[in-house]
Amino acid sequence: MKVQGKKLKEKLVTLKRVCKVTKGRRYFSFTALVVKGNKKGLVGFGVGKAKETQNAVRKAGEKAEKRLFKISLKGGTIPHEQKAKHGSTYIFLYPASKGTGIIAGGVVRIVLELVGVKNIFSKLNGSSNSNNCIRAVILALTKIRNADTISKERGISIKKMF
């Protein structure tokens with residue numbers, strides 16, 4: 001999804017120096033993990049690798065812009081609870097009342113802030129690998145459906161549903 005004219009906020013999640021050892025020498029390079037979002041329901045992530053840190057971050061940002069996901073929110077929170085799994089990472093997301101804030105830590109908090117969620121509970125079980133955490137959170141958020149999408153799928157109006 002290409003976003004034109006919209007300002008995306010970018011956060012660097014991790015920056016690692018990796019080393020490839022060969023017979024002759026060691027080759028150093030950098031790996032960057034970046035999350036981008038507009039705080040209005042769009043979020044994406046990307047991984048970039050390069051010999052310099054700036055190029056790795058730039059590549060990760062470009063990949064994040066290419067992989068944007070639309071998330072349906074309801075009044076600063078999510079419409080219903082959701083769970084997801086990626087690798088050995090399990091994420092549980094629960095809607096919260098106004099004034100609760102984001103009850104999440106680390107990478108999960110970064111993703112939820114860039115999506116635009118203001119009130120939410122979350123629990124992360126299993127692996128805390130940042131790449132798997134981001135993928136699990138985005139998977140859980142993309143599985144969320146609001147009343148409008150459900151009514152369109154069923155082919156009836158919202159008034160008839162309730």
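In this report, we go over the structure that sits alongside the text. (Residues numbered from 1 in each chain as written. Predicted model: local features only at pLDDT ≥ 70, side-chain atom pairs only at ≥ 80, totals over all residues. Heavy atoms only, no water.)

**Examining the sheet that holds strand 5 (residues 82-86)**
Judged by pairing direction, the sheet is mixed, and its 4 strands sit side by side in the order 5-6-8-7 without closing on themselves. The open sheet has two edge strands with one neighbour each: strand 5 and strand 7 (102-103). In this sheet, strand 6 (residues 89-95) lies alongside strand 5 in antiparallel orientation, the contact comprising 5 bridges. Bridged to lysine 85 within strand 6 is tyrosine 90. In the packing of helix 3 (residues 130-142) onto the sheet, contacts are made with strand 5, strand 6 and strand 8 (120-126), and the angle to strand 5 comes to roughly 140°. (Pairing = 2+ DSSP bridges. Helix = DSSP H or I, 4+ residues; strand = E, 2+ residues; numbered from the N terminus. Contact = heavy atoms within 4.5 Å. Axes fitted to C-alpha atoms, helices over the stretch in contact; angles between N-to-C directions.)

**Here we look at the environment of phenylalanine 45**
For phenylalanine 45, the location among the structural elements is in strand 3 (residues 42-50). Residue phenylalanine 45 is classed as buried on the basis of its relative accessible area, which comes to 4%. The spacing of phenylalanine 45 and alanine 32 is 13 residues in sequence and 11 Å in space, taken between C-alpha atoms. What phenylalanine 45 contacts, discounting residues up to four positions off in sequence, is Leu33, Val34, Val35, Lys63, Ala64, Arg67, Phe69, Asn131, Ile134, Arg135 and Ile138. (Buried < 20%, exposed > 50% of the residue type's maximum accessible area, 1.4 Å probe, protein only.)

**Concerning the sheet that holds strand 3**
The antiparallel open sheet is built from 4 strands, whose spatial order is 1-2-3-4. Across the chains shown, the open sheet's two edge strands, defined by having one partner strand only, are strand 1 (9-21) and strand 4 (68-70). Averaged over all adjacent pairs, the angle separating strand axes in this sheet is 15°, with direction ignored. By the bridge criterion, 8 bridges tie strand 2 (residues 26-37) to strand 3 in an arrangement that is antiparallel. In the strand pairing of strand 3, alanine 32 is matched with glycine 48.

**Let's talk about the pattern of salt bridges**
Counting across every chain of the model gives 6 salt bridges. Across the salt bridge formed by lysine 11 and glutamate 113, the nearest N and O atoms sit 3.6 Å from each other. In this pair, lysine 11 is assigned in strand 1 and glutamate 113 in helix 2 (residues 106-115), connecting sequence segments 102 residues apart. Judged by its relative accessible area of 35%, lysine 11 is partly exposed. The class of glutamate 113 is partly exposed, set by a relative accessible area of 27%. Shared partners join several salt bridges into a network, and the residues in it are Glu10, Lys36 and Glu65. (Salt bridge = Lys/Arg side-chain N within 4 Å of Asp/Glu carboxyl O.)

**A few points about helix 1 (residues 53-66)**
Compared with an ideal rise of 1.5 Å per residue, which puts 14 residues at 20 Å, helix 1 spans 20 Å between its outermost C-alpha atoms and is within 8% of the ideal. Among the residues of helix 1, those classed as buried are Ala56, Val57, Ala60, Gly61 and Ala64. Axial view of helix 1: buried residues confined to an arc of 135°, hence all on one face. Turned more than 90 degrees from where helix 1 packs its buried face, Gln54 and Lys66 sit exposed. Check the buried side of helix 1 and you find it contacts strand 1, strand 2, strand 3 and strand 4. (Expected span 1.5 Å × (residues − 1). Arc of directions from axis to C-beta.)

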